[in-house]
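# Overview (structure and organization)
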Amino acid sequence: MITPRFKPSLLLVLLAACSDEDATTMSAPLLAAAGSAAQPTLSELVARGEYLARNVGGCADCHTPRDAMGAPIESQYLAGAECFVRLDNGGCLHTSNLTNHESGLLNRTDAELERMLVDGVRPTPAGDELLYPVMASYVLHNMRGEDIDAIIAYLRTVPGVAHDVPPRAPEFVPSGPATPLDVNAIPQPMAGYAEREAALRGRYLAAEAGACIICHTPRDLQSAEVLDYSRFFTGNERFDVGLPEESVARNITSDTLTGIGDFSADDIVNVLKRGTDPNGVGICPPMLGLFAGLTDGDALDIAHYIKSLAPLPGLAEDSCVFPPI
Ligand code: HEC
Ligand code: HEC
C-alpha cells in the first residue's frame, strides 16, 4: 500500500522541532480577522502567507526535500521532494517545486496558482491534469479568499531553486476529481461548549486552512470524498516514519476510552507546540514539530475546537512512543 516516506533522524527531528519553536516568537502576527475594513499591505499579506505555509497548511513540510537523515534541506526550501510517496513497485509521487524558478511556479499566473491550490487542477499545454489528493486541495477549497491571496503573495517571494520534478507514476493519476470537503459536514463544536467562539476559530484552522482533519480522519485516496464523513477526527491513518513502530494518528475526539477526552485544552496546546503528551511522553513524527510555530492564540483556538468534538469511538492504540524505549 501507499506509505509516506518520512525517514527522519530522531535527533534531527527533535532539533528541527526546537528551532521551529524558537521561530514562534518571530512569526508573523495574525492579520485582523475578517470584518476589519483596512486592506492588508503587501508585506502583511506575505507575512500571513508565510505563517500559513510554514505552520498551518503543512506546505513547507511536504514540499521541502529532506536529507538522508530526514532533516529538511533549507537551501531547497519548497523546491519539491522526490518520491514523497513510494509504492511497493517503486512508483513515486513527488511534491511539486513551488519556488520562483522556471522549473517551479515562476511562469504561473495567480489565477493558475489559485486553481492548483483550491481546485486541485494543474493546467498544462495539453489540458488540465488532476492533482493526486495527497495534495489536499479538496480541503483548502474552503480556505478564505484572503488567506489564499496571502499564500500566493508569499509564494511569489520564495527564492527560485532549479529543480525539475520528474513525472509521477501512472498509479497517481486520479481517475476523477476529488469532491471539495463539504464545509457543513465538518463537525461543529458540541452544544454548550463554553469556549464556543474560540472553538469556531479553531475549526477554520483545523479543518479548512489546516491539516488536522486530513491526517486524523480515515482516508481513502481512491474515493471522490477522500475522507470518511462518518468518522471525522477518529484517527487511524498510519505513517512509516522510520521508527520501529508505525506512527498511527490518534482518535482526537473527546471519547474518553479511545480518544483524548481526558486531555485539557492546555494539554493539546502542549502536544502541538512542545510535542509532549500529558504524561510527558514525546509525540512521534510526522506530527512532531509540525505545529510548533503556531501562535499561542491559534494553538489554543485549535485546542478548544478539538476539545469540543463530540465523542466518537475509534482506535485505542497509541503504538508509537518517542523517543523509542
Ligand atoms: C501532505 C503533503 C502536502 C501538503 C501538506 C501540501 N502539498 Fe502541495 N502537493 C503535494 C503533492 C504530492 C503534489 C503533487 C500532486 C501531483 O503531482 O499529483 C502537490 C502539488 C502542489 C501544487 C501544484 C504545482 C504544480 O505545478 O504541480 C501546488 C501549487 C501546491 N502543491 C501548493 C501547496 C501549498 C501552497 C500548500 C500549503 C497550503 C501545499 N501544497 C500543501 C503534497 C502536499
Ligand atoms: C501529518 C499528519 C498529521 C497532522 C497534519 C496532524 N496530526 Fe495529530 N497526530 C498524527 C499522528 C501520526 C499522531 C500519533 C503520534 C504518536 O503516536 O506519538 C498524532 C497525535 C495527535 C494527538 C495525540 C497525542 C497523544 O498523546 O495521544 C493530538 C492531540 C493531535 N495529534 C492533534 C492534532 C491537531 C490538533 C492537528 C492539527 C493542528 C494535528 N494533530 C495534525 C498525525 C498528524
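Residues numbered from 1 in each chain as written. Chains lettered and ligands numbered in written order. Predicted model: local features only at pLDDT ≥ 70, side-chain atom pairs only at ≥ 80, totals over all residues.

### Focus: the overall build of the chain
Selection criterion: Here a helix means four or more residues in a row that DSSP labels H or I, a strand means two or more in a row labelled E, and each is numbered from the N terminus. Each residue is classified by how many other C-beta atoms fall within 10 Å of its C-beta atom, where C-beta atoms are placed from the backbone; a count of 20 or more means buried, 12 or fewer means exposed, and values in between mean partly exposed. Our contact criterion uses C-beta atoms placed from the backbone: two residues qualify when those atoms are within 7 Å.
A tally of regular secondary structure across the chain gives 10 helices and 7 strands. Looking at the chain as a whole, 43% of its 325 residues qualify as buried. Across the chain, every contact between residues at least 6 apart in sequence was considered, and the portion connecting residues at least 24 apart equals 65%.

### Details of the site of ligand 1
Formally: Proximity of a residue to a molecule or strand is defined by its backbone-placed C-beta atom lying within 6 Å of that partner. Put simply, Ala, Val, Leu, Ile, Met, Phe, Trp, Tyr, Cys and Pro go in the nonpolar bin, Asp, Glu, Lys and Arg in the charged bin, and everything else, Gly too, in the polar bin.
In the vicinity of ligand 1, 24 residues are found, and the nearest of them are Gly57, Gly58, Cys59, Cys62 and Met135. When contributions to the shell around ligand 1 are tallied by element, the ones reaching two or more residues are α3 (59-63) and α4 (110-119). A breakdown of the residues in the shell around ligand 1 according to their chemical character gives 17 nonpolar, 5 polar and 2 charged.

### Things to note about the pairing of strand β4 (residues 121-124)
The condition that has to hold: When DSSP finds two or more bridges between a pair of strands, those strands are recorded as paired.
With 4 bridges joining them, β4 and strand β5 (residues 127-130) adopt antiparallel strand pairing. Residue pairing across strands places Pro123 opposite Asp128, the latter belonging to β5. Remark: 2 residues form the turn of the hairpin made by β4 and β5, two consecutive strands paired antiparallel.

### Things to note about the site of ligand 2
As a matter of local geometry, ligand 2 sits amid 29 residues, with Ala211, Cys212, Cys215, Asp277 and Cys284 nearest to it. Those elements giving two or more residues to the shell around ligand 2 turn out to be α8 (212-215), β7 (247-248), α9 (265-274) and α10 (296-307). Looking at the shell around ligand 2 element by element, the count peaks at 3 residues for α9. The residue inventory of the shell around ligand 2, partitioned by class, reads 22 nonpolar, 4 polar and 3 charged.

### Thoughts on the environment of Phe84
Structurally, the position occupied by Phe84 is in the loop between α3 and β2 (85-86). Residue Phe84 is classed as buried on the basis of its C-beta count, with 22 C-beta atoms lying within 10 Å. Separated by 21 residues in the primary sequence, Phe84 and His63 have C-alpha atoms spaced 8.7 Å apart.

### Side note on the environment of Arg108
With respect to the helices, strands and loops of the structure, Arg108 is situated in the loop between β3 (92-93) and α4. Considering only alpha carbons, one finds Arg108 and Pro123, 15 residues apart in sequence, at a separation of 9.4 Å.

### Overview of α10
Using the following cut-off: Given the number of residues in a helix, its expected span is that number minus one, multiplied by 1.5 Å.
In this model α10 runs 16 Å from its N-terminal to its C-terminal C-alpha over 12 residues, within 8% of the 16 Å that 1.5 Å per residue would give. Here α10 lies mainly inside the structure; 10 of its 12 residues are buried. Every buried residue belonging to α10 is among Asp298, Ala299, Leu300, Asp301, Ile302, Ala303, His304, Tyr305, Ile306 and Lys307, and all of these are buried. Residues of α10 that are buried make contact with α7 (196-207) and α9.

### Side note on the environment of Val134
Note on placement: Val134 falls in the loop between β5 and α5 (137-140). Considering only alpha carbons, one finds Val134 and Val226, 92 residues apart in sequence, at a separation of 9.5 Å. Not counting residues within four places of it along the chain, the set of residues in contact with Val134 comprises Val85, Leu93 and Leu221.

### Section: the packing of α4 against helix α6 (residues 145-155)
Our working rule: Axes here refer to lines fitted to C-alpha atoms; in helices the fit is confined to the stretch in contact. Angles between the N-to-C directions go from 0 to 180 degrees. Just so you know how the angles are binned, under 35 degrees is roughly parallel, over 145 roughly antiparallel, 65 to 115 roughly perpendicular, and the rest oblique. Crossing handedness is read from the near helix: turned anticlockwise from the far helix by less than a right angle, it gives a left-handed crossing, and turned clockwise, a right-handed one.
Running from N to C, α4 and α6 cross one another at 120°; their axes reach a closest spacing of 10 Å. Taken together, the axes of α4 and α6 are oblique relative to one another. Once α4 is placed against α6, the crossing between them reads as right-handed. Of the residues in α6, those touching α4 at Asp110, Leu113, Glu114, Leu117 and Val118 are Ile148, Ile151, Ile152 and Leu155. Partitioning the contact of α4 with α6 into residue classes produces 7 nonpolar, no polar and 2 charged.

### Quick word on unusual backbone geometry
In this model, Pro285 is joined to Pro286 through a cis peptide bond whose omega is 5°. Mapping Pro286 onto the fold places it in the loop between α9 and α10. Positive phi, normally seen in glycine, also occurs at Cys83, with a value near 55°. Tracing the chain through its elements places Cys83 in the loop between α3 and β2. A positive phi angle, near 65°, is found at Phe233, a position not held by glycine. Along the chain, Phe233 falls in the loop between α8 and β6 (238-239).

### Concerning the nonpolar core
Within soluble globular proteins, side chains that are nonpolar tend to cluster in buried spots. Threshold: Working definition: the nonpolar core is a set of buried Ala, Val, Leu, Ile, Met, Phe, Trp, Tyr and Cys residues, joined through C-beta atoms within 7 Å.
One finds Ile151 and Ile213 to be the most contacted residues of the largest nonpolar core, which totals 83 residues. The contact partners of Ile213, leaving out residues within four places of it in the chain, are Val139, Ala206, Ala207, Leu227, Phe232 and Phe233.

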